[in-house]
Amino acid sequence: MFSGTTKYLIDANAIRSLSAESIRSKFSADRVIATIPDVRYEVSSRVYKLELIHTDTMSDNVYIKAKEILKRESVRNVIDYYRNKGAADVMLLAHALTAEGVGVFKDEVVIVTNDINLRVACDDLEVPW
């Protein structure tokens, strides 16, 4: 059952490119602006922006889901092994697919990104972006 709340999970590229004012302007009673610890680590120097963004706790199921979705080529294409980029995006996808709401209610989860490969993976996994 839908909780009425939409959780916007922001990736590292979006955090870098959005202004603090833009992030702040998206706050409302039915929106949660969030990220995960892996992304937070990638952009740890953006302290003023990170103070605005909630950090979700990931369940153990996220690691099982990450292993499962890495079988898909679209998800593997998110990772740039040579530049050591994209690993947090895989975890962001896995978290979006396993995120729970409060009690029996489930939040709608939307990934916020300007990364084309992540958008393709979202489409493949039917995760809104």
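Look up a bit, the structure's there.
Being a predicted model, the structure only gives us computed values, none of them experimental.

S.K.: Explain the nonpolar core to me, and be specific about the residues and the numbers.
M.R.: Taken as a class, soluble globular proteins show a tendency for nonpolar side chains to be buried jointly. Core analysis: the largest hydrophobic core is formed by 37 residues, its most contacted members being Leu93 and Ile111. Where this core is concerned, the elements lending two or more residues are strand S1 (2-10), helix H1 (12-17), helix H2 (20-25), strand S2 (31-35), helix H5 (61-69), helix H7 (87-98), strand S4 (106-112) and helix H8 (116-125). Tallying contributions element by element places H7 first for this core, with seven residues. If sequence neighbours within four positions are ignored, Leu93 has contacts with Ile69, Val75, Ile111, Leu118, Ala121, Cys122 and Leu125.

S.K.: Give me the sheet that holds strand S3 (residues 54-55): which residues, what numbers.
M.R.: Through backbone hydrogen bonds, the strands of a sheet pair up, either in parallel or in antiparallel fashion. Strand order in the open sheet made by the four strands is S3-S2-S1-S4, with parallel pairing throughout. Because the sheet does not close on itself, it has two edges, and the strands there are S3 and S4. Sheet topology note: the S2/S3 ladder contains two bridges and is parallel. Paired with Ala34 across the strands is His54, a residue of S3.

S.K.: Can you tell me about unusual backbone geometry, naming the residues and giving the values?
M.R.: Although it is not a glycine, Asn84 sits at a positive phi angle of roughly 55°. In this fold, Asn84 is placed in the loop between helix H6 (73-76) and H7. Taking relative accessible area as the criterion, Asn84 reaches 71% and is therefore assigned exposed. Despite not being glycine, Glu126 shows a phi value in the positive range, around 60°. Residue position: Glu126 is located in the segment after H8. Owing to a relative accessible area of 73%, Glu126 belongs among the exposed residues under this scheme.

Reading the values: rules and limits
Each chain carries its own residue numbering, running from 1 in the written order of its sequence. The model is predicted, so local features are restricted to residues of pLDDT at least 70 and side-chain atom pairs to those at 80 or more, both for listing and for counting; the totals for chains, interfaces and linings are taken over all residues. Each side-chain value is worked out from all heavy atoms of the structure, with water and hydrogens disregarded. Among the buried residues, those of types Ala, Val, Leu, Ile, Met, Phe, Trp, Tyr and Cys that are joined through side-chain atoms within 4.5 Å form a nonpolar core. Between buried and exposed lies partly exposed: a residue is buried under 20% and exposed over 50% of the maximum accessible area for its type, with that area taken using a 1.4 Å probe on protein chains only. Think of it this way: any DSSP run of H or I at least four residues long counts as a helix, any run of E at least two long counts as a strand, and we number them from the N terminus. Two residues qualify as a contact provided that any one of their heavy atoms is within 4.5 Å of a heavy atom in the partner residue. When DSSP finds at least two bridges between two strands, those strands are taken to pair.

Functional significance is not addressed by these values, which are geometric in nature.
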